[in-house]
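Residue strings, one per chain:
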Amino acid sequence: MSTTETGLDGTEESNDADFAAARARHEALAAEITEHRRRYYVDDAPTVSDSQFDDLMHELVDIETAHPELKNAESPTEQVGTFSEAFTPVTHLEKMLSLQDVFSVEEVQTWADRITAEVPGEPYLCEVKIDGLAVDLVYEQGRLVRAATRGDGTTGEDVTANVRTIAAIPRRLTAAEGLDVPELLEVRGEVYFPTADFERLNESQVEAGKAPFANPRNAAAGSLRQKDAAKTAERPLSFIAHGLGALRGFEPKSQSHSYEALAAWGLPTSPYWRVVATVDEVFAYIEEFGSQRHALVHEIDGVVVKIDRLGVQRRLGATSRTPRWAVAFKFPPEEVNTKLLDIKVSIGRTGRATPYAVLEPVRVAGSEVEFATLHNADQVKAKGVKIGDTVVVRKAGDVIPEVVAPVAAARDGSEAEFAMPERCPECDAVLAPAAEGDVDLRCPNARSCPGQLRERLAYLSGRSCFDVDRMGFIACSALVQPLGMDPVIENEGGVFDLTLERILPIRVVVRDPDSGLPKPDPKTGEDKVVTPFARQPDKKTGEILPRKNAEEMLQNLDKAKSQPLWRVVNALSIRHVGPVAAQALAEHFGDLDRIAEAGEEETAAVDGVGPTIAAAIKDWFAVDWHREIVEQWREAGVRMRDDAPDPSEVLPQTLEGLTVVITGGIPGYTREGAAAAVKARGGKTTSSVSKKTGAVVAGDKPGSKYDKAVQLGVPIVQGEDFERFLSEGLSQPETDSVGSEPE
């Protein structure tokens, strides 16, 4: 078919070439998507991530929107899925539709506006979108008679024998008060693999010489599709119902009514579904579970929004592929597939040697990723990854990117096994475990290994230590590994003696803060070199600017000398001693010399410390050059003790003896500031919720700690009521926010 358009001179220009290109791309995309569906639904071995598959589908939809004549019944946009011929085919009593995916709140609003225009004022049902394998269960007279996969929506695979091994799925339904078991009930739901069990399964797969699964969804699908049902029974599969098909003997009025009935008959339903009245409440639900997506027992990749009333659902109807009365909001992808170019090793502040994946750059969770952690050599082996693999990379929120698993189906035989180096890549010392049974290899050259010193400097300048603004990772690298000159400082003891004259000439190779590896210059491909402390030309005007960064860094170092004792203790980088233990030590001893001189038994008895930390402290202070660092800091004027507070300045001890957990953002406070406020009033803060927790302060986006507090019945204080909590504690009857849910 030919199309035309008017050119600049008013004549019609042929668009045949553009249409031919669109048709060729449409055919190629359709074939590629069909192959990816086969790998996903039949082989349980996809070679692209969900987000990459979505991109292909969007491109196909765009082509069909621009050229409607290319759309046909065989197009992937008109199909639901596919099914394997390895199992007996089963025809569903009612067609299993897919869902329309949307990726922004604007698209949700557009969908809701369209619904409202036709049926205004309808309530919505929101539920999390479980990333598992869709199945169809048929109950006759309350007895499970058949189970099948979704397949192509009309025909699925008979997996009845395997489904019968899943403990969460009842073989027989039980009648409830006022609710008889229906004559016929077709249930739709999701079989999933609990995330806590996924890593253990992959380790066992690798140990058995089998390919690991790319993600929990593939683990669920592969487990359910075992030829031998006994193999399925060995896997900890579970199930949640999220819809109905054919019915006889039961007439629910709404989606929520059907969920209540399913639960009453013994079928598991999600504890997270909620009926809301407005689209603003839908958006609040999406935001709530977007912040909690990693706190649930199963993987979720979005939120499903449905019209609640079934009569309205029937009125709105469906396309050949999706219902018009529901939409699936997909969270931004946190997993993508990319090429593992190499595996290198970085050295941490306590000498730990950590394998890192060098990746073909890929965008995930809103940022470009070039490196990802592999934890240690045992984890590389357990994950079964090889250099040259296509790998699944996950980046959840602000968490460092991690290689989850290889995409074994994409291997071509050129991949190479990784061997942990025998020597430190920074100083050439022989790597070895720090102690018997330690799974990590460590560099023993703590004093002069530039990698360890660089990481210790970066740590002590951070917010949980001296909090030195302008002393970032590049500055720390420059002090330790300047180009063409000796290190400016030999260890962290000299950090408070730095001067402008010593640091201005420094040039340094820019390194990635996560891996410690050099970063290439995008123009030359060579290692990128900068002069971090010298005068720099303004990028816009070319004007040479003052040495503001260097001067401010030195000023901030001078201010840092007055930081409280616990920050000084934390800045020493004693193994096992983090901010919590440092605060406990500072509160108990009040003096760095007392911490150094205390016996192991006394130190171990400090609440929150214990024998492992006590032994590490003793070992650290037994080293001569460690004690020299303390003396250098002392001579530079660093605070070595916390003075006892003036009794007239002590705040009322309204929280005395109370253990408090702080989660989410608290208005007007940093996390550390909120913890300090609790301690100033006699309370104690911890990072985990238990039955011994006295209260949980839940600020903005509180996450899983809030859920656990609700589960355990721990009193909850809303973030906006934090000031009243500090002044009144939990004893005041008018503190009505305690124990309530966030609005």
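Quantities reported herein were computed from a predicted structural model and do not represent experimental measurements.

K.L.:
Lay out the confidence of the model for the protein with the relevant residues and their values.
P.N.:
The predicted model of the protein averages 85 in pLDDT, with 90% of residues at 70 or higher. Between residues 732–743, whose pLDDT stays under 50, and residues either more than four places distant or in other chains, the model counts 24 contacts.

K.L.:
With reference to specific residues and values, describe helix α3 (residues 105–118).
P.N.:
If you check α3, its first and last C-alpha atoms are 20 Å apart, about what 14 residues at 1.5 Å a residue would give, namely 20 Å. The set of residues buried in α3 consists of Val108, Trp111, Ala112 and Ile115. For α3, the angular spread of the buried residues around the axis is 95°, confining them to a single face. With respect to the buried face of α3, the exposed residues turned more than 90 degrees away are Glu106 and Ala117. At its buried positions, α3 is contacted by β4 (101–102), β5 (124–130), α9 (279–291), β12 (300–307), α10 (310–316) and β13 (326–330).

K.L.:
Got a sec to walk through the packing of helix α12 (residues 450–460) against helix α13 (residues 473–480)? Specific residues and values, please.
P.N.:
Here α12 crosses α13 at 140°, and the two axes come no closer than 9 Å. Looking at the two axes, α12 sits oblique to α13. Handedness of the α12/α13 crossing: right-handed. Between α12 and α13, the residues in contact are Pro450, Leu453, Arg454, Glu455, Leu457 and Ala458 and Phe473, Cys476, Ser477, Leu479 and Val480, respectively. Per-class residue counts for the contact of α12 with α13 are eight nonpolar, one polar and two charged.

K.L.:
Describe the sheet that holds β13, with residues and values.
P.N.:
If you trace the five strands from one edge of the open sheet to the other, you get β4-β13-β12-β5-β11, paired in mixed fashion. Because the sheet does not close on itself, it has two edges, and the strands there are β4 and β11 (274–276). Pairing geometry for β5 and β11, over three bridges, is antiparallel. Of the residues in β11, the one forming a bridge with Leu125 is Val275. Across the sheet, α3 lies against β4, β5, β12 and β13, angled at about 170° from β13, the strand it touches most. Lying on the sheet, α9 is in contact with β5, β11, β12 and β13; it crosses β5 at an angle near 20°.

K.L.:
Run through the side chain of Gln205, naming residues and quoting values.
P.N.:
Structurally, Gln205 can be placed in helix α5 (residues 195–207). With relative accessibility at 9%, the residue Gln205 sits in the buried group. If sequence neighbours within four positions are ignored, Gln205 has contacts with Lys210, Ala211, Pro212, Phe213 and Arg235.

K.L.:
Describe the side chain of Glu426, and please don't skip the residues or the numbers.
P.N.:
Note on placement: Glu426 falls in the loop between β18 (402–406) and β19 (432–433). Here the side chain of Glu426 touches Arg454 through a polar contact of 3.1 Å, side chain to side chain. At a separation of 3.3 Å, a polar atom in the side chain of Glu426 contacts the side chain of Gln481. Apart from residues no more than four positions distant in its own chain, Glu426 is found in contact with Ile347, Cys449, Pro450, Gly451, Arg454, Gln481 and Arg511.

K.L.:
Just give me the short version of the pairing of β13, but keep the residues and values in it.
P.N.:
Along β13, five of the five residues are buried, which leaves the element largely enclosed by surrounding structure. Where burial is concerned, the two faces of β13 agree: the one with Ala326, Ala328 and Lys330 and the one with Val327 and Phe329 are both buried. Sheet topology note: the β4/β13 ladder contains two bridges and is parallel. Bridging from a neighbouring strand, Val102 pairs with Phe329 of β13. Bridge count between β12 and β13: five bridges; the pairing is antiparallel.

K.L.:
Describe the sheet that holds strand β7 (residues 143–149), with residues and values.
P.N.:
Taken in spatial order, the four strands line up as β7-β6-β9-β10 in an open sheet, and their pairing is antiparallel. Pairing within the sheet leaves two strands with one partner each, and these edge strands are β7 and β10 (238–248). The sheet shows a mean angle of 25° between the axes of neighbouring strands, taken without regard to direction. Across eight bridges, the pairing between strand β9 (residues 184–192) and β10 is antiparallel. Looking across to β10, one finds that Val187 is bridged to Leu244. Sitting on the sheet, helix α6 (residues 216–224) touches β6 (133–140) and β9, and the angle it makes with β6 is about 45°.

K.L.:
Talk me through helix α21 (residues 624–636); I want residue IDs and the actual numbers.
P.N.:
The first and last C-alpha atoms of α21 sit 19 Å apart over 13 residues, in line with the 18 Å expected at 1.5 Å per residue. Listed in full, the buried residues belonging to α21 are Trp625, His626, Ile629, Val630, Trp633 and Ala636. Here the buried residues of α21 occupy an arc of 160° about the axis, which is enough to place them on one side. Remark: Gly637 follows α21 within two positions and exhibits a positive phi of approximately 100°.

K.L.:
I'd like a description of the pattern of salt bridges, backed by residues and values.
P.N.:
One side chain can pair with another of opposite charge once the charged atoms of both are near each other. For the structure on display, the rule yields 30 salt bridges. A salt bridge links Lys129 to Asp301; the shortest N-O distance between them is 3.4 Å. One end of the pair, Lys129, is in strand β5; the other, Asp301, is in strand β12, and 172 residues separate them in sequence. Here the residues in one salt-bridge network are Asp136, Glu186 and Arg188, joined through shared partners.

K.L.:
Account for the packing of aromatic side chains, naming residues and giving values.
P.N.:
Evaluated as defined, the whole model comprises 12 aromatic pairs. Geometrically, the ring pair formed by Trp620 and Phe621 is edge-to-face, given 4.9 Å between the ring centres and 80° between the ring planes. Across the pair, exposure class does not vary: Trp620 and Phe621 are buried alike. Among the aromatic residues, ring-to-ring pairing joins Tyr272, Tyr285 and Phe289 into one connected group. For Arg349, the ring lying beneath its charged end belongs to Tyr459, and the centroid distance is 3.6 Å.

About the cut-offs
- Residues numbered from 1 in each chain as written.
- Predicted model: local features only at pLDDT ≥ 70, side-chain atom pairs only at ≥ 80, totals over all residues.
- Heavy atoms only, no water.
- pLDDT = per-residue confidence, 0-100.
- Contact = heavy atoms within 4.5 Å.
- Helix = DSSP H or I, 4+ residues; strand = E, 2+ residues; numbered from the N terminus.
- Expected span 1.5 Å × (residues − 1).
- Buried < 20%, exposed > 50% of the residue type's maximum accessible area, 1.4 Å probe, protein only.
- Arc of directions from axis to C-beta.
- Axes fitted to C-alpha atoms, helices over the stretch in contact; angles between N-to-C directions.
- Parallel < 35°, antiparallel > 145°, perpendicular 65-115°, else oblique.
- Left-handed = near helix turned anticlockwise from the far one by under 90°.
- Nonpolar A, V, L, I, M, F, W, Y, C, P; charged D, E, K, R; others polar.
- Pairing = 2+ DSSP bridges.
- Polar contact = N/O pair within 3.5 Å; in protein donor to acceptor, adjacent residues only side chain to side chain.
- Salt bridge = Lys/Arg side-chain N within 4 Å of Asp/Glu carboxyl O.
- Phe/Tyr/Trp six-rings, centres within 6.5 Å; stacked < 30°, edge-to-face > 60°.
- Lys NZ or Arg CZ within 6 Å of the ring centre and 35° of its normal.

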